[in-house]
Amino acid sequence: MANTNLQFKTNYTVSSKIEPFYKGGKVQISKDEKHIFCTCGSHVNVLEISTGKIVHSVEHDDQEDITSFALSCDDELLVTASRALLLKQWDWRQAQCTRSWRAIHTVPVASMTFDSTSTLLATGGCDGTIKIWDVVKQYCTHNLKGSSGVVHLVQFHPDISRLQLFSSSLDCGIRLWDLRSSQCVCVLQSHYSAVTSLCFSADGGTMVSSGRDKICTVWDVNTRKAKRTVPVYEAVEGVVLLPENKDFSQIGVKSKDLHFITAGSKGVLRVWEASTARCVYTQTLPSTLIPVHGEEEEEEKDDDPRSLTYLLHLPNSSRLATVTAEHNILLYQLPGLTTQQQFVGYSDEVLDVKFLGKGDSHIIVATNSCQLKVYELLTNSCQILYGHTDTVLSLDVFKKGSLFASCAKDRSVRVWEMDSDSGLVRCVAQGSSHANAVGSISCSRMKASFIVSGSQDCTVKVWDLPADMSTAGTGMCQLTSRATEKAHDKDINSVAVSPNDKLLASGSQDRTAKLWSLAGEGNLGLLGVFRGHRRGVWAVCFSPVDQVLATSSADGTTKLWSLQDFSCLKTFEGHDASVLKVIFVSRGTQLLTSGSDGLVKLWTIKTNECVKTLDAHQDKVWGLHASRKDDKMVTGSADSNITVWVDVTEVELAEEQAKQEDQILKKQELSNLLHEKKYLKALGLAISLDQPHTVLTVIKAIRQGEDSRELLEKTLLKLRLDQKESLLRYCVVWNTNARNCLDAQAVLQVLLTHLPPEELLQYQGARTHLEGLIPYTERHMQRIGHLLQASMFLNYMWQKMRVAGAPSSMGQDEEMDTTPLAQSQPFLMIDKEKGKGSGEERQDAGDDSDSGQDEDPNCPVEEEEDDEVSVTKKASTCGGRIANGASTKTNGNHHSESEESSEDEDVEEDKNEQTKMVKCLRVSSAPQCQTSAS
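Because the structure is predicted, anything quoted here is derived from the model rather than measured.

**Student:** Outline the pattern of salt bridges, supporting the account with residue identities and numerical values.
**Tutor:** What the rule picks out here adds up to 20 salt bridges. Glu273 is paired through a salt bridge with Arg278; the nearest N and O atoms lie 3.5 Å apart. For Glu273, a relative accessible area of 8% translates into the label buried. Within the structure, one salt-bridge network assembled from shared partners comprises Lys9, Asp630 and Asp647.

Listed below in structure tokens is the structure:
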């Protein structure tokens, strides 16, 4: 099944992400025209125009949605307002809040703007008031009252010497405020609906206002009178005055009179001559966006995706920026209004995604929309493709890489081609004869000769493609199906064409997958049925090298089937929910699956093992595709995110090999340094390896030498700050093991004695480390206390025992005569030798006699609760408690296997120690027992 020389994949890592950055609200472009600022929930995202990537993002601590923001004219200050009635001033390049204050408004701020000097900030509230703030001296200068309802528009006159502010609210009037007197000097009445934007001429003497009442008004600011009312026949959201000193003849400007551009509900830019109230240019719409007869009324809907919500002027680069109702940002180059860049702010649910273009330089994305989006991975710039009239459900790419097919809820299929030079994509063929939504599509594998579609009408159709569709020029070929087959009893979720173009597989909600022959000219021939899934089949895929079919199902399993006898060869289980997609990688030796649990799993077929689980998304992963070179994959999810992953197997192997070689060299160098007693260099090298056991070896070597205490202190204090920080972290690990606790305590004594608390608390996680040291240190002290008590008990018993042959007149308080013990010397010599050996072991183990009382301090060692209980029974009872203590610690939260093994050793050593104690007592009392018997 596999090439023996093939390297299995082991891991993928994220190469790039396409995430939502704009979900509606205000959009502003920086003065230097390099960045786009836009709101996205509780964030203000900063998009770099040249790369299409989010380079900065600011967020309120309270995570409340941002209602408005304003960027100063010098691009230095960003001020945001949230629903929590807080205003925050940001150093947006560092994403740091430099100041925050209460907005004084009783309800959220709806609009904000800076003056041309970047010193005054105006905020319009939903409470009908306007506040003017001096952002330099940090106080409120004006509180302007009189507006009715929400103040949704505030704008300073560009000539700051006039000290004028314009505002608009729900009464549809434009108020002119004199900031010297804090009074409204007049209300400009012309509109009968909300005023959406204001634009001033270069000299500041003329102003154009736009509204949703389908008119634009030209005002004389000096006389405060309307000069001209221009009916524009659409609800206008933005207006821009064209510069007077440039040639705009390409867009119909023939005179030097005032001209302005409008953007609104019709979704196109239009140029108007103010003096004649005449439209001199209308931007060409994509063919599918031109409304058919009878749709004129529908196009005025608020949620119409064709409508434009913002129009912004970039004077330095002579460009215009528009924002659509679908949260797309488009940049046009003047004077021809040619599309320059397109950015998709929010994709909604991603339903399918495929690599596209030479070298997989692009991806094609189907979202919960009738539009297709083609992203260039290098710049994130996007082409928006119009053609389908309802949600696009599925995509597939031909082997050539520049040709792909799509299908949608509009019951149609389309074929698209990317120009290899310009990268532009156009629709070259269309077919529509299904009776219901088309949910899946598959392209021929060997050459671009046909496509296959599967629909909710339970049929499969085969569509033949013209020999050379590019000869059709700019027109589209109309496709007709050469074969139609009712394939299943329920919706068809997936279709796939075999690598040799002779077979077709289909998967359905009826829980079956079927194999069909494509060899005949007429209808499809059914070859067999794959039965075994307990719920609907979501995806089918042929192996590129074997006669095997893979299926994934809503029952949470992925199955491999033989094309010979239609039997199930393997079943892969691991997803907690439906498995939505399955594809072959690594020349058919591995599988990638994605599920509604948001996970992507990598499986090795031979071992039936999941070798990697990628926590890819927060929601269903509908889209999954591998590049033609098999070196990367792309995923798309219902969480609106698109992620490109790269195979890092070879990189990881090379890095691991280099790391191992480096560690071997460093360990050899470390051995030499220890031999030469260059402890400081040795300790630094061991810390650089980040191996606590190796560092411990160096510490033990230092403590074994002469004047170990002074040497250890001298060595540790010469370490760098980061090395001391690592050493403190290692001490926490060592201290959990009774075998190494003395070394840990010796290091801690040096650090805690010579380093000030302020320095220690600067270490990363220092508080946590110190808190983790306390309980284990207390246990070590308890163990030492218990051992001390046990030794005193033994000494007490030794002093109180009568020795055989001693004079009966000898008082209990007199010093014991040990001469008669010579008779039992052989017995005692044996126990002493054993005791000596045990003592040496304990000494080598670092006083490693953790008897389990670490876990149960209430376990009494010398407790005299019953005179009839023998020492042996006490030992066995205590030993039982020791065992329970050891098991308890194993099930606890701490730490490593070395700790568990060391505690087992501690239990055994304490058992041996107590047994030897009993033996000594028995040997010592034996002569006395014999004398009493005689």
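**Student:** Before we move on, can you summarise the packing of aromatic side chains with the specific residues and values?
**Tutor:** Taken as a whole and judged by the stated rule, the model has nine aromatic pairs. Measuring from centroid to centroid gives 5.0 Å for Phe37 and Trp92, while their planes differ by 85°, and the two rings are edge-to-face. Within this pair, whereas Phe37 is found in strand 3 (residues 35-40), its partner Trp92 is found in the loop between strand 8 (86-91) and strand 9 (96-102), the two being separated by 55 residues in sequence. A single burial state applies to Phe37 and to Trp92, both of which are buried. For the ring pair Phe166 and Phe200, a centre distance of 5.4 Å and an interplane angle of 55° mean the geometry is tilted. Here the residue Phe166 occupies a position in strand 15 (residues 164-168), and Phe200 occupies one in strand 18 (residues 195-200), the gap between them amounting to 34 residues. For Phe200, a relative accessible area of 13% puts it in the buried group. One cation-aromatic arrangement involves Lys26 over Phe69; the distance from NZ or CZ to the ring centre is 5.3 Å. If you follow Arg482 out to its NZ or CZ, it ends over the ring of Phe450, 5.8 Å from the centre.

**Student:** For the packing of helix 3 (residues 692-704) against helix 6 (residues 741-754), give the residues involved together with the corresponding values.
**Tutor:** Contact pair helix 3 / helix 6: the axes reach a minimum separation of 10 Å and the direction vectors enclose 80°. Our classification of the angle between helix 3 and helix 6 gives roughly perpendicular. The residues of helix 6 that touch helix 3, namely those facing Leu696, Ile699, Lys700 and Arg703, are Leu742, Asp743, Ala746 and Val747. Looking at the contact of helix 3 with helix 6, its residues break down into five nonpolar, no polar and three charged.

**Student:** How would you explain the side chain of His575 if you had to name every residue and give the values?
**Tutor:** Relative to the helices and strands, His575 resides in the loop between strand 50 (568-573) and strand 51 (579-585). When its relative accessible area of 8% is taken as the criterion, His575 is described as buried. A distance of 2.8 Å separates polar atoms of two side chains, one belonging to His575 and the other to Thr593. Side-chain polar atoms of His575 contact the side chain of Asp597, separated by 3.2 Å. If sequence neighbours within four positions are ignored, His575 has contacts with Gly556, Thr593, Ser594, Gly595, Asp597, Leu599 and Lys601.

**Student:** Can you explain the side chain of Arg270? Please cite residues and give values.
**Tutor:** Within the fold, Arg270 resides in strand 24 (residues 269-273). A relative accessible area of 8% means that Arg270 is categorised as buried. Side chain to side chain, Arg270 and Glu234 meet in a polar contact 3.4 Å long. In contact with Arg270, not counting residues within four places along its chain, are Val232, Tyr233, Glu234, Phe260, Ile261, Thr262, Cys279, Tyr281 and Thr282.

**Student:** An account of the layout of surface pockets is requested, with residue identities and associated values reported.
**Tutor:** Quantified by volume, the second largest pocket comes out at close to 1600 Å³. If you go around the second largest pocket, you meet 48 residues; those closest to its centre are Lys354, Asp396, Arg445, Ile583 and His625. For the lining of the second largest pocket, the elements supplying multiple residues, two or more each, are strand 30 (350-356), strand 34 (392-397), strand 38 (438-443), strand 43 (492-497), strand 47 (537-542), strand 51 and strand 55 (621-626). A per-class count over the lining of the second largest pocket returns 26 nonpolar, 11 polar and 11 charged.

**Student:** Describe the nonpolar core, and please don't skip the residues or the numbers.
**Tutor:** One finds Leu683, Val695, Leu716, Leu727, Trp734 and Val747 to be the most contacted residues of the largest nonpolar core, which totals 33 residues. Looking at this core, the elements that each hand over two or more residues are helix 1 (649-675), helix 2 (679-689), helix 3, helix 4 (708-717), helix 5 (721-735), helix 6 and helix 8 (766-800). When sequence neighbours within four positions are dropped, the list of residues in contact with Val747 reads Ile699, Leu712, Leu716, Leu727, Cys731 and Trp734.

**Student:** Tell me what's going on with the environment of His43, and back it up with residues and numbers.
**Tutor:** Residue placement: His43 occurs in strand 4 (residues 43-48). For the pair formed by His43 and Val58, sequence separation is 15 residues and the distance between their alpha carbons is 5.5 Å. Residue contacts for His43: discarding those within four places in its chain leaves Cys38, Ser57, Val58, Glu59 and Ile66. Side chain to side chain, His43 and Ser42 meet in a polar contact 3.5 Å long.

**Student:** Could you give an account of unusual backbone geometry, with specific residues and numbers?
**Tutor:** Between Leu334 and the following residue, Pro335, the backbone shows a cis peptide bond with an omega angle of 10°. Considering the arrangement of structural elements, one finds Pro335 in the loop between strand 28 (328-333) and strand 29 (338-344). Phi at Leu163 takes a positive value of approximately 50°, unusual for a residue other than glycine. Here Leu163 lies in the loop between strand 14 (153-156) and strand 15. In the Ramachandran plot, Ser182 falls in the positive-phi region, its phi being about 60° despite a non-glycine side chain. Relative to the helices and strands, Ser182 resides in the loop between strand 16 (174-178) and strand 17 (183-188).

**Student:** Got a sec to walk through the sheet that holds strand 14? Specific residues and values, please.
**Tutor:** By definition, the strands of a sheet pair up through backbone hydrogen bonds, in either a parallel or an antiparallel sense. If you walk across this open sheet you meet the four strands as 14-15-16-17, and the pairing is antiparallel. At either margin of the open sheet sits one strand with a lone partner, and together these are strand 14 and strand 17. Shown here is a sheet whose adjacent strand axes are inclined to one another by a mean of 25°, direction ignored. With five bridges joining them, strand 15 and strand 16 adopt antiparallel strand pairing. Bridging across to strand 16, Leu165 finds its partner in Trp177.

**Student:** I'd love a proper account of the environment of Ser562, names of residues and values included.
**Tutor:** Residue placement: Ser562 occurs in strand 49 (residues 557-562). A residue is classified by how much of its surface remains accessible, and Ser562, at 9% relative accessible area, is buried. Separated by 12 residues in sequence, Ser562 and Ala550 place their C-alpha atoms 9.2 Å apart. Contact partners of Ser562, with chain neighbours within four places excluded, come to Phe530, Gln547, Ser567 and Leu569.

Definitions and limits used
Residues numbered from 1 in each chain as written. Predicted model: local features only at pLDDT ≥ 70, side-chain atom pairs only at ≥ 80, totals over all residues. Heavy atoms only, no water. Salt bridge = Lys/Arg side-chain N within 4 Å of Asp/Glu carboxyl O. Buried < 20%, exposed > 50% of the residue type's maximum accessible area, 1.4 Å probe, protein only. Phe/Tyr/Trp six-rings, centres within 6.5 Å; stacked < 30°, edge-to-face > 60°. Helix = DSSP H or I, 4+ residues; strand = E, 2+ residues; numbered from the N terminus. Lys NZ or Arg CZ within 6 Å of the ring centre and 35° of its normal. Axes fitted to C-alpha atoms, helices over the stretch in contact; angles between N-to-C directions. Parallel < 35°, antiparallel > 145°, perpendicular 65-115°, else oblique. Contact = heavy atoms within 4.5 Å. Nonpolar A, V, L, I, M, F, W, Y, C, P; charged D, E, K, R; others polar. Polar contact = N/O pair within 3.5 Å; in protein donor to acceptor, adjacent residues only side chain to side chain. 1 Å grid on protein atoms, 1.4 Å probe; cavity = no way out; pocket = protein on both sides within 12 Å on 5 of 7 lines; lining within 4 Å. Points joined across faces, edges and corners; volume = space filled by probe spheres on them. Core = buried A, V, L, I, M, F, W, Y, C linked by side-chain atoms within 4.5 Å. Pairing = 2+ DSSP bridges.

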